[in-house]
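# Summary of structural features
Residues per chain, in single letters:
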Amino acid sequence: MHSEVTLLFYSVTVDQPNVQIEVGGRMVLGDPETYWHQYDNASAAFIVHGDDFALTGSGTIDGGGAAWWPLRDEGAFRPHMVDAHSCQRLLVHGVTFLS
């Protein structure tokens, strides 16, 4: 992803080994209503099940925290940014996370 690009996303599931995602621009987690209704209550922005996963680059992943904060009073929770299950050799390097 080039540095001038902004990508709106909701959930990325990686279930294969040897995957590298390089973030060079800005990735923004979508709005809560769409996220919960269309993405089946996914628990994380990145869900990793495969070994040898790398999330690298000089870009930013923006969790859009301000949109989620009012929902705390309704008992809703914001998804985790990265949720790894049964994987080995997970690398996160150089990427900036904002909430």
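Attention here is on the structure that accompanies the text. (Residues numbered from 1 in each chain as written. Predicted model: local features only at pLDDT ≥ 70, side-chain atom pairs only at ≥ 80, totals over all residues. Heavy atoms only, no water.)

### Here's the deal with a nonpolar patch on the surface
- A cluster of nonpolar residues, L90, V92 and F97, forms a patch on the protein surface that exposes about 220 Å² of accessible area.
- Topologically, V92 is positioned in strand β9 (residues 90-93).
- When its relative accessible area of 39% is taken as the criterion, V92 is described as partly exposed. (Patch = residues over 30% accessible without salt bridge, like charges linked within 9 Å, V, L, I, M, F, W, Y side chains within 5 Å. Areas by Shrake-Rupley, 256 points an atom, 1.4 Å probe, with all protein chains shown as cover. Salt bridge = Lys/Arg side-chain N within 4 Å of Asp/Glu carboxyl O. Helix = DSSP H or I, 4+ residues; strand = E, 2+ residues; numbered from the N terminus. Buried < 20%, exposed > 50% of the residue type's maximum accessible area, 1.4 Å probe, protein only.)

### Considerations on the environment of F97
- Residue position: F97 is located in strand β10 (residues 96-98).
- The partly exposed category is assigned to F97, whose relative accessible area is 31%.
- The contacts of F97, once residues within four sequence positions are left out, are L55, I61, M81, V82 and V92. (Contact = heavy atoms within 4.5 Å.)

### Side note on unusual backbone geometry
- A positive phi is found at S86, a non-glycine position, where the angle reads about 50°.
- Mapped onto the elements, S86 comes out in the loop between β8 (80-84) and β9.
- The class for S86 is exposed, based on a relative accessible area of 75%.

Geometric values such as these leave the question of function open.
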